[in-house]
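Coordinate inspection notes
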Amino acid sequence: MALQTKGFTLGQLTEAKTCCEPIPHLSVHNLSVKYQHKTVLENVNLDIYKGCITALIGPSGCGKTSFLSTLNRMTDMIAGASVSGKVLFHDDNILNQPIDLLTLRRQIGMIFQKPNPFPLSIYRNLALPLREIGIKDKQLIDYKIETVLKDVGLWQEVHHQLDMTATKLSGGQQQRLCIARALVLEPEILLMDEPCSALDPISSAVVEDLIVSLRGRYTVVIVTHNLAQAKRVANYAGFFWMQERVGKLVEFGRSQHLFDQPQNELTAAFVNGRKG
Amino acid sequence: MAERLFQAGIWCAALLVLMVLFWLVQGLLDQGLAKLSVDFLFSQPQNAGRDGGISSILVATLLILAVTLLVALPLGLASAVWLAEFTATHNFWARKVRLALDVMAGVPSIVFGLFGYAFFSLFLGMGFSILSGGLTLACMILPVFIRTCEIGLRSVNNSWRQGAAALGMPKIKAVWFILLPAALPAISAGLILGIGRATAETAALMFTSGYVDRMPGSVMDSGRALSVHIYDLSMNVTGGDAAAQASALILLMIIMVLNMLAYAITDLWLGRRVLNGFAN
């Protein structure tokens, strides 16, 4: 895979708009997140648009990851976390209690900051989730694994050693495998929590290219601390900031507007490196 | 300098431990070695154990151990999974169960023996039998085994738990395919501790599996475990010292072989299912 990064400056964003009709895929209304009695995120309203890459930026501890985790209900795994508000996905509020969590998480996949391939072979890492959704046919599994590994650009590197334990791969390869593992379930949305922050610059660039290549095919929400990266990959961007010790969404809009003509002073200070 | 002293201290401590073991084995070799032979392993005890061998004792010991493991392994793993994965750390019942286990782990084996006698032998009517002895030992090793497995599971990388959940894998599948294999070193450590304790146990078995030294026909028969045999020979049988020492040597070897087996199986399983260098 080519290593040069595709910069999404003003011009190229318009070009990306063609694959980026603003149709809401997820609609977030009045979302608040509490851990025990401490509110970490309050009153967030935004739409995640179908086929677009939405970047969430802001300093550490302002609730970006908490926000991301509510979108596939990973917050359920945190003891004492409570979420209020609405997140509409296919007209259903996914925050409603009786919901098929397993199906939801297969539709909305997640990539974590630190690559977390299972301590199994590369093949089994991908076959396990497939078997879980009831695909038993060995040929079909093999086909899907090959396709998805080609999609993430790993096939050339690993096709001769699919039996190798996945944790022996390099960090960047591990992260691409994790993306492949999420993609193999054919999700609609991918949530990425600082997917490049644990990687070296070269691997990071490869993974970034991969993320860009997902545009139009998947809806991507990416949390990143790397402003340059957000600027390069995102169609839409949201800026989170702590106000009175509570995380809030300060500004949301087209990435180019948010970076070049921020409406809010805080945003301007942050994207220009004067704050945060 | 301080570093040197510290190192010397560590070496001395290790040597001391080795010397104790050496001294112990050397004491057994004194009379025991002459008595050891293939015949000793494969013939039945005669003359209250002074003559003959220990074939029936070995069979009874292994049967008791088999019963113990068959019961303790699934029950222990299930309990550990429940404690580590399906209850919150501060869950009321989990805390009570943990407290009970920690108390049970400190209960003297003779108390387990009396409980086993009262419950399995009398109340459930198993009498003096290998089954009753094995079940009693299972009760005895469960607390430590469960707690070791629980801690092993808890120390498994949380990102695998999240990863599995984010893929929409049911929790029980994540436990089975990812977390348990990853916790295997801890599980086998717990198992080795348990096996060691079970094969060395005397008091609890005298009340439950009895000390008849005939070849057991089934798990419902009474059977004399190796440790009971050693105890009996050295305390109640004059002139039984040589046989007792030979039996003790065999017991040591059995424990060694079982430990090595447990490590080998762990390695094999880890090598196949989990990565080799997954500790780093």
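Throughout this description, residue numbers start from 1 for each chain and increase along the sequence as written. Just so you know, chain letters begin at A and ligand numbers begin at 1, following the order they were written in. In keeping with the model being predicted, local features are shown solely for residues with a pLDDT of at least 70 and side-chain atom pairs are shown and tallied solely at 80 or more, while totals for entire chains, interfaces and linings include all residues.

Bringing the overall build of chain B into the picture now. Starting at the N terminus, helices and strands are each numbered in turn, a helix being any DSSP run of H or I of at least four residues and a strand any DSSP run of E of at least two. Scanning chain B for helices and strands turns up 12 helices and 2 strands. Sequence-ordered secondary structure for chain B, helices as α and strands as β, is α-α-β-β-α-α-α-α-α-α-α-α-α-α. Exposure classification rests on a simple neighbour count of other C-beta atoms within 10 Å of a residue's own: a residue reaching 20 or more is buried, one at 12 or fewer is exposed, and one in between is partly exposed. C-beta atoms are placed from the backbone. Burial status across chain B gives 41% buried among its 280 residues. In chain B, the share of contacts with a sequence separation of at least 24, taken over all contacts with a separation of at least 6, comes to 75%. Note that contacts rest on C-beta atoms placed from the backbone: two residues are in contact if these are within 7 Å.

Of regular secondary structure, chain A possesses 11 helices and 10 strands. With C-alpha atoms as the basis for the radius of gyration, the globule rule is written as 2.2 Å multiplied by the number of residues raised to the power 0.38. Relative to a compact globule of 276 residues, whose C-alpha radius of gyration would be 19 Å, chain A shows 19 Å and is just as compact. Considering chain A as a whole, with its 276 residues, one finds that 47% of them fall into the buried category. By sequence separation, contacts in chain A at least 24 residues apart represent 71% of the contacts at least 6 residues apart.

Residue and element names in this part refer to chain A. At a minimum axis distance of 9 Å, the contact between helix α4 (residues 122–132) and helix α7 (residues 171–183) shows a crossing angle of 25°. With respect to α7, the axis of α4 lies roughly parallel. Like other packed secondary-structure pairs, α4 and α7 cross with a definite hand, here right-handed. Across from Ile122, Asn125, Leu126 and Pro129 in α4, the residues of α7 making contact are Leu177, Ala180 and Arg181. Three residue categories are used. Nonpolar comprises Ala, Val, Leu, Ile, Met, Phe, Trp, Tyr, Cys and Pro, charged comprises Asp, Glu, Lys and Arg, and polar comprises the others, including Gly. Here the residues of the contact of α4 with α7 sort into 5 nonpolar, 1 polar and 1 charged. Lines fitted to C-alpha atoms define the axes here, with helix axes fitted over just the stretch in contact, and angles between the N-to-C directions of these axes take values from 0 to 180 degrees. Here the angle decides the label: under 35 degrees means roughly parallel, over 145 means roughly antiparallel, 65 to 115 means roughly perpendicular, and every other value means oblique. With the far helix as reference, a near helix turned anticlockwise by less than a right angle produces a left-handed crossing, and one turned clockwise produces a right-handed crossing.

Each partner contributes residues to the interface: chain A has 24 residues there, and chain B has 20 residues. Elements supplying a minimum of two residues to the side of chain A that touches chain B: α3 (101–107), β6 (108–111) and α4 of chain A. Broken down by element, the residue count for the side of chain A that touches chain B peaks at 4 residues, all from α3 of chain A. Broken down by class, the residue content of the side of chain A that touches chain B amounts to 12 nonpolar, 6 polar and 6 charged.

Residue and element names in this part refer to chain A. Position of Asn43 among the secondary structure elements: in strand β2 (residues 38–49). Separated by 14 residues in sequence, Asn43 and His29 place their C-alpha atoms 7.5 Å apart. Non-local contacts of Asn43, meaning those with residues more than four positions away in its chain, are made with Asn30, Ser32 and Lys248.

What follows is about unusual backbone geometry. Unlike most non-glycine residues, Glu194 of chain A shows phi in positive territory, near 45°. If you trace the backbone, Glu194 of chain A turns up in the loop between β7 (189–193) and α8 (201–213). When the 21 C-beta atoms within 10 Å are taken as the criterion, Glu194 of chain A is described as buried. At Asn47 of chain B, a residue that is not glycine, the phi angle is positive and equals roughly 55°. With respect to the helices and strands, Asn47 of chain B occurs in the loop between β1 (45–46) and β2 (51–52).

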